[in-house]
Amino acid sequence: MVNFVYAIGDRQRGEAVLVDPAYNVKDLLAVLAADDMRCTGVLATHYHPDHVGGSMMGMQLEGVAELLEHVDVPIHVQTPEAEYVRTVTGVTDENLMQHQSGDVVSVGAVDIELICTPGHTPGSQCFLVDGRLVAGDTLFLDGCGRMDLPGSDPAQMYESLTRKLAKVPDNAVLYPGHRYSLESSATMGVTRERNVVFRPKTREQWLAVFGS
C-alpha cells in the first residue's frame, strides 16, 4: 500500500500528533521518542483500515485502537466520519474528538487547519499547516482517491478538489496518503498542472470522466 504516516509537532514543547498511524504503532511511537517528541493526538484523514487500523483483505491491521493502549490521546475526525471510524476500529465516542471543516487543532504553537473533503469517504479531511497540505486519500500527486467504495461520492469529490482545496495556494506542498508516484511530494501548483483530475473545466465534464 506504501502508506505514509506523518508527524506534525512543536519541537520546543516536544509534542506531536500522528496522521493516520497504522501497521506498527510501537515503531511510530519509537520514532517520536527518538526525536525527543511524544504523541499528544491523532489526526485521522478517513476511516479505511490502512489509515486507522482494522480488518482489511483478510488481515488485521494495527491502528488507533492499539495506539490507545500505549497513549491516552484524542483522535480528531470529521463528524460525518465518526461512525465509520468507530465501526472499523472499535474505539468509543470518548476517544473521538469530532470536528467541522475549518476547525483548528493546535500542537504547542503549531496550528493545523482541518478541511473536510468528502468524496473518497463521507468525512475525509485534509490538514493545512505552515504551507503544507497533508491530503490522505483525497488527492495524490497523480489522481485522487477511489470513488467506487462504500460512502464514496464522485460529485462530492469534485467539489472537494475544486472548491474546498481552492484556498490552498500553488506554493503549498502536497503530502499524499500513499506513494503512488515517483516523488513523495510536490507543490500544489505542479499537481494542479499535471494531475488529470484537474483537467476537466466543469462539473459535468469531470463527472463524465470520473463519475462512473
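Please refer to the structure placed before this passage.
My aim in this report is to walk through the structure given alongside it, one point at a time. Computed from a prediction, not measured in an experiment: that's the story for all the values here.

What to know about unusual backbone geometry
- One non-glycine residue, Asp20, lies in positive phi territory at about 55 degrees.
- Position of Asp20 among the secondary structure elements: in the loop between strand S2 (15-19) and helix H1 (25-34).
- Overall, Asp20 belongs to the buried group, its relative accessible area being 3%.
- Backbone geometry places Asp130, a non-glycine residue, at a positive phi of 50 degrees.
- Summarising the element assignment, Asp130 is placed in the loop between strand S10 (125-129) and strand S11 (132-136).
- In this structure Asp130 comes out as exposed when scored by relative accessible area, which is 66%.

What to know about the pattern of salt bridges
- One pass over the full model with this rule turns up twelve salt bridges.
- In this structure, Asp170 engages Arg192 in a salt bridge whose closest nitrogen and oxygen atoms are separated by 2.7 Å. Residue Asp170 is found in the loop between helix H5 (154-162) and strand S12 (173-176), and its partner Arg192 is found in helix H6 (residues 188-194); the two are separated by 22 residues along the sequence.
- Among the ionic contacts, a cluster of salt bridges with common partners joins Arg13, Glu15 and Arg38.

Thoughts on the sheet that holds strand S6 (residues 75-78)
- The five strands lie next to each other as S1-S2-S3-S6-S7, forming an open sheet whose pairing is mixed. Of all strands in the sheet, those with a lone pairing partner are strand S1 (6-10) and strand S7 (96-99), marking the two edges. For this sheet, the mean inter-axis angle between neighbouring strands, taken without regard to orientation, is 25 degrees.
- Relative to S6, strand S3 (residues 38-43) is paired through two bridges, and the arrangement is parallel. Note that in S6 the partner of Leu43 across the bridge is His76.
- On top of the sheet, H1 reaches S1, S2 and S3; it is set at about 150 degrees to S2, its chief contact.

Brief notes about a nonpolar patch on the surface
- Where nonpolar side chains cluster on the molecular surface, the patch consists of Met1, Tyr23, Met57, Met59 and Tyr180 and spans about 560 Å² of accessible area.
- Within the fold, Met1 resides in the segment before S1.

Description of the packing of aromatic side chains
- In the structure shown here, the tally under the stated rule is six aromatic pairs.
- Note on Phe140 and Tyr180: the rings are 4.9 Å apart at their centroids and 70 degrees apart in plane angle, and the pair reads as edge-to-face. Here Phe140, found in the loop between S11 and H5, pairs with Tyr180, found in the loop between S12 and strand S13 (186-187); they are 40 residues apart in sequence, far enough to count as distant.
- Looking at Phe140, the relative accessible area reads 6%, which means it is buried.
- According to the relative accessible area criterion, Tyr180 is partly exposed, its value standing at 46%.
- Three or more aromatic residues joined by ring pairs make a cluster, and in this case those are Phe4, Tyr6 and Tyr175.

As for the environment of Val88
- Locating Val88 in the fold gives a position in helix H4 (residues 79-89).
- Take Val88: its relative accessible area is 24%, and that puts it in the partly exposed class.
- Sequence separation of Val88 and Asp153 is 65 residues, and the distance between their C-alpha atoms is 20 Å.
- If near-sequence neighbours (up to four positions away) are discounted, Val88 is found in contact with Tyr47, Pro49, Gly53 and Gly54.

Rules of the game
- Residues numbered from 1 in each chain as written.
- Predicted model: local features only at pLDDT ≥ 70, side-chain atom pairs only at ≥ 80, totals over all residues.
- Heavy atoms only, no water.
- Helix = DSSP H or I, 4+ residues; strand = E, 2+ residues; numbered from the N terminus.
- Buried < 20%, exposed > 50% of the residue type's maximum accessible area, 1.4 Å probe, protein only.
- Salt bridge = Lys/Arg side-chain N within 4 Å of Asp/Glu carboxyl O.
- Pairing = 2+ DSSP bridges.
- Axes fitted to C-alpha atoms, helices over the stretch in contact; angles between N-to-C directions.
- Contact = heavy atoms within 4.5 Å.
- Patch = residues over 30% accessible without salt bridge, like charges linked within 9 Å, V, L, I, M, F, W, Y side chains within 5 Å.
- Areas by Shrake-Rupley, 256 points an atom, 1.4 Å probe, with all protein chains shown as cover.
- Phe/Tyr/Trp six-rings, centres within 6.5 Å; stacked < 30°, edge-to-face > 60°.

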